[in-house]
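# Structure at a glance
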Amino acid sequence: MNPIIHETEHRFDARDGYSLAGLIIAPPAPKAAVLISSGTGFPKELYRRIARQGAAMGYACLLYDYRGIGGSAPSQMKGFAADIVDWGRLDFSAALDEAQALAPHGPVFTLGHSVGGHLPGFADNALLPAAHAFVCTSTGYWRAHEPSYRPSALFFWLAYGPACLALKGHIPSGGLWSGTALPRGVFEQWRDWAFKPRYFGDFLHELGPHAFDRITAPITDWTFADDTLASQRAAEDLMALYTAADKRLLRLAPAEVGAESIGHFGAFKQAAAGFWPRPFSWFDEVAAGLTPGGPASDAASTPVP
């Protein structure tokens, strides 16, 4: 029998005081907490289904919008200053503290989609999580994408994006960009990294303090064979930046989780419900290892509606 799951809107302050929109999805007595971090331009609501799965398996999940995205967007995007490093240093760090408070007597884990798997390395509390589950996390270097995706990437970086900035001052939602509106700084930083073979790895010495070489918690990155953005090469390149961690990269065919197609963000849609238990079952294994002789959870590991 599934536990009663509570969903609560939650606002909290980033490290610099900027107000962020969050959503807590949790059972009454969680055994551990999970911070769920979005992909670029995806609002927190996309991750509601997988968070409900986690809650059914005993995890308190915190979803949140980065500054400039969804419920954390300003009333006027033009002129709004934010970049991806801000998302890691200021937003992710604060959200991780909020998540830990949801289950103060249990471990805290992270589940990051796409850029959400980049942010732990920029956090000032990066050593807090017991493990990191990544989904479709990779670099965005354009030559590391599958060949079929590269023309679209180049058009976005060199034509569509600059035109949007010239006309609007940011990347608006709609047209060729299916995500939420993006601040100028996010697009420009993302584009700069996209033309470097090691992505932001080539800029770490310029970006200030980071923990990519100090995170030792295990990392598993699940990617999918039909994701032309997060290719095998691009995922391996990203994982290589976490130099001290025990890493595992799992590339799945959509059929392995009962889906016809998944691509870059389909893992969080209903058709991919067969995937949702996997990160939380892995967290169970990690948590059991943290307590010698501790049993793995007997919570349901089948997909929840």
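To keep things clear, this report deals only with the structure shown in the data block.

Each value, and the rule that gives it
- Residues numbered from 1 in each chain as written.
- Predicted model: local features only at pLDDT ≥ 70, side-chain atom pairs only at ≥ 80, totals over all residues.
- Heavy atoms only, no water.
- Helix = DSSP H or I, 4+ residues; strand = E, 2+ residues; numbered from the N terminus.
- Rg over C-alpha atoms; globule rule 2.2 N^0.38 Å.
- Buried < 20%, exposed > 50% of the residue type's maximum accessible area, 1.4 Å probe, protein only.
- Salt bridge = Lys/Arg side-chain N within 4 Å of Asp/Glu carboxyl O.

Attention shifts here to the overall build of the chain. For the chain, the helix and strand inventory stands at seven helices and eight strands. Compactness check: the chain gives a C-alpha radius of gyration of 18 Å against a globular reference of 19 Å for 305 residues, within 12% of the reference. Principal-axis analysis of the C-alpha atoms places the extent of the chain at approximately 55 × 40 × 35 Å. Residue burial in the chain is summarised as follows: out of 305 residues, 54% are buried.

What the rule picks out here adds up to twelve salt bridges. Across the salt bridge formed by E45 and K44, the nearest N and O atoms sit 3.1 Å from each other. The class for E45 is partly exposed, based on a relative accessible area of 36%. Accessibility expressed as a relative area gives 3% for K44, which makes it buried. R233 is the salt-bridge partner of D237, the closest N and O atoms lying 3.7 Å from each other. Residue D237 and its partner R233 are both found in helix 6 (residues 232–239); the two are separated by four residues, about one turn of the helix. By relative accessible area, which is 41% here, R233 ends up partly exposed. Among the ionic contacts, a cluster of salt bridges with common partners joins E7, R48 and R52.

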